[in-house]
Amino acid sequence: MSSSKGSRARHDKSLQEELLAWFDRHRRAMPWRAAKGKTPDPYHVWLSEIMLQQTTVAAVGPYFIKFVSKWPTVKKLAATDLDDVLAAWAGLGYYARARNLHKCAQAVVRDFGGKFPSAVEDLIALPGIGPYTAAAVSSIAFNRPAVAVDGNVERVVSRFFAIEEPLPSSKEKIRAHASKLAADNPRPSDFTQAFMELGATVCSPKKPKCVSCPWQKSCAAHQSGIAEELPRRSKSAQKPVRYGRVFWIQNKSQEFLIEKRAGKGLYEGLYQLPTTDWTENAKAPEGHHHDARLRFKRLGADVRHSFTHFDLILEIWTAEAQKGFRPRKGKFVSAGDLENYALPSLMHKVVRMCLGRKTA
Ligand code: SF4
């Protein structure tokens, strides 16, 4: 080994030691995290990683506890009905994750006898597990040397090396740097968690707390005073807007109509208030698929919701169902019944708006 390579390796070793020592002092207790020195449960690690995609640690906590108390093992989760999983997931959003969670549990039981595989190649072949989650589960649950690069790690690496190239084109460069920082470290499980934890708690998006950072002395962005400006991001194209109508049909018992969403795709298998299609035509589609005798009035406010690939504006139309009204599909429920149905947060928003105002 040349002397410069040798000093580089020594540098990386001391960075690893600094980060691990910092983690030993500052690791946060989380419901899915094994206590120091204990072996993590792969089911808990996998479940938390799926839940944490696009959701915060604070939001996931109660859901994780609910899931492991209802279904303490992956076998129990695999054996339950998808509808029960979706109902327990309601409010976490991105429901394809819940459907894949259920499929993945069944695949682990069917193909691996109910024990999660430890190799990245096997994990990545399972439903709902991409390269990041496979690396996270392999390293955190099985102490294997896989490098999991999430948004926190991307931020730390971008700053540590003062990478000016904007995301997403800098992703490969970031991954290569992250792999070098993690290479041959003695505690892969702790290192992966420490890397993410540093980004989540110290190297935060706004106002990074560099004075508390174990890597402060070697951090290029800190030295140049540009930490808060990084990572840079390419200007993304504006999201398209879709429009539609949603219908609040209430009966004399103050119950309202919900129905199971048909077809594949967004919100597949979840419950919703009846809606039209959502289109990019700014004039919301008209019509509803119930009874022509219903007299609809438009609620003063529309509901707005942002999805990953589009923003949605739904007009809310309300009507009172007269005695004898029989919906073609769906059922009337009360607000108190809703916890038994998997309703996406968009629909909960509509329900809150309708209950909070004079409707039909
Ligand atoms: S010194 Fe500051 S910018 Fe650099 S990694 Fe630490 S917290 Fe982030």
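Residues numbered from 1 in each chain as written. Predicted model: local features only at pLDDT ≥ 70, side-chain atom pairs only at ≥ 80, totals over all residues. Heavy atoms only, no water.

**Section: the layout of surface pockets**
In this model, the largest pocket occupies a volume close to 830 Å³. Mapped onto the lining of the largest pocket, the elements with two or more residues apiece are helix 2 (42–52), helix 8 (131–142), helix 9 (151–160) and helix 11 (188–201). No other element matches the 6 residues that helix 11 contributes to the lining of the largest pocket. When its residues are assigned to classes, the lining of the largest pocket shows 14 nonpolar, 11 polar and 10 charged. Each pocket or cavity is described by its volume, and for the second largest pocket that value is around 470 Å³. (1 Å grid on protein atoms, 1.4 Å probe; cavity = no way out; pocket = protein on both sides within 12 Å on 5 of 7 lines; lining within 4 Å. Points joined across faces, edges and corners; volume = space filled by probe spheres on them. Helix = DSSP H or I, 4+ residues; strand = E, 2+ residues; numbered from the N terminus. Nonpolar A, V, L, I, M, F, W, Y, C, P; charged D, E, K, R; others polar.)

**Considerations on helix 8**
End to end, helix 8 covers 16 Å across 12 residues, agreeing with the expected 16 Å (1.5 Å per residue, within 8%). Counted residue by residue, helix 8 has 9 buried out of 12 residues, so it is predominantly covered. Of the residues making up helix 8, those classed as buried are Thr133, Ala134, Ala135, Ala136, Val137, Ser138, Ser139, Ile140 and Ala141. One or two steps after helix 8, the chain reaches Asn143, where phi turns positive at roughly 60°. (Expected span 1.5 Å × (residues − 1). Buried < 20%, exposed > 50% of the residue type's maximum accessible area, 1.4 Å probe, protein only.)

**Comments concerning the site of the ligand**
Within the structure, the ligand sits among Arg159, Val202, Cys203, Cys210, Cys213, Gln216, Cys219, His222 and Ala227. By residue class, the composition of the shell around the ligand is 6 nonpolar, 2 polar and 1 charged. (Near = heavy atom within 4 Å.)

**Some thoughts on the nonpolar core**
Counting residues in hydrophobic clusters, the biggest one holds 102 residues, and the most contacted among them are Trp46, Phe67 and Trp215. Residues lining this core come from more than one domain, with at least three contributed by each of domain 1 (3–229) and domain 2 (241–355). Residues in contact with Trp46, not counting those within four places in the same chain, are Val74, Leu77, Leu101, Cys104, Ala105, Phe116, Ile129 and Val137. (Core = buried A, V, L, I, M, F, W, Y, C linked by side-chain atoms within 4.5 Å. Domains from an automatic or database assignment. Contact = heavy atoms within 4.5 Å.)

**Structural notes on helix 13 (residues 345–355)**
All of the buried residues along helix 13 are Leu346, Met347, Val350, Val351, Met353 and Cys354. In a view along the axis of helix 13, the buried residues occupy a sector of 165°, so they form one face of it. In the core, the buried residues of helix 13 are packed alongside strand 1 (241–250), strand 2 (256–260), strand 3 (271–272), strand 5 (303–306) and strand 6 (311–320). (Arc of directions from axis to C-beta.)

**Considerations on unusual backbone geometry**
Cis geometry is adopted by the peptide bond preceding Pro168, which originates at Leu167 and carries an omega value of 5°. Assignment of secondary structure puts Pro168 in the loop between helix 9 and helix 10 (171–182). Residue Pro231 follows Leu230 across a cis peptide bond; omega there is -5°. By secondary structure assignment, the location of Pro231 is in the loop between helix 12 (220–224) and strand 1. Backbone geometry at Gln254 places phi at a positive 65°, although glycine is not the residue there. With respect to the helices and strands, Gln254 occurs in the loop between strand 1 and strand 2.

**So, empty space enclosed by the protein**
Throughout the structure, instances matching the rule amount to 1 cavity of 30 Å³ or more. One number sums up the size of the largest cavity: a volume of about 110 Å³. Around the largest cavity sit 13 residues that line it, and Arg159, Cys203, Cys210, Cys213 and Cys219 are the ones nearest its centre. Considering only residue class, the lining of the largest cavity consists of 11 nonpolar, 1 polar and 1 charged.

**A few points about the pairing of strand 5**
Burial along strand 5 is one-sided: Val303 and His305 are buried, while Arg304 and Ser306, pointing the other way, are not. Turn length for the strand 5-strand 6 hairpin, with the two strands adjacent in sequence and antiparallel, is 4 residues. (Pairing = 2+ DSSP bridges.)

**A short note on the domain arrangement of the chain**
Per the domain assignment, the segments of the chain are domain 1 (3–229) and domain 2 (241–355). Spacing between the C-alpha centres of domain 1 and domain 2 amounts to 37 Å. Taken together, the contacts link 8 residues of domain 1 with 13 residues of domain 2. Summed over both partners, the interface of domain 1 with domain 2 comes to about 760 Å²; 52% of that surface belongs to carbon and sulfur atoms. Put simply, domain 1 and domain 2 have 2 salt bridges between them. Across the salt bridge formed by Arg99 and Glu268, the nearest N and O atoms sit 3.8 Å from each other. At the boundary of domain 1 with domain 2, the tally comes to 4 residue pairs in polar contact (both at pLDDT 80 or more). Broken down by element, the side of domain 1 that touches domain 2 gets its largest block of residues, 3 residues, from helix 5 (residues 82–89). (Buried area = accessible area lost by both parts, 1.4 Å probe. Salt bridge = Lys/Arg side-chain N within 4 Å of Asp/Glu carboxyl O. Polar contact = N/O pair within 3.5 Å; in protein donor to acceptor, adjacent residues only side chain to side chain.)

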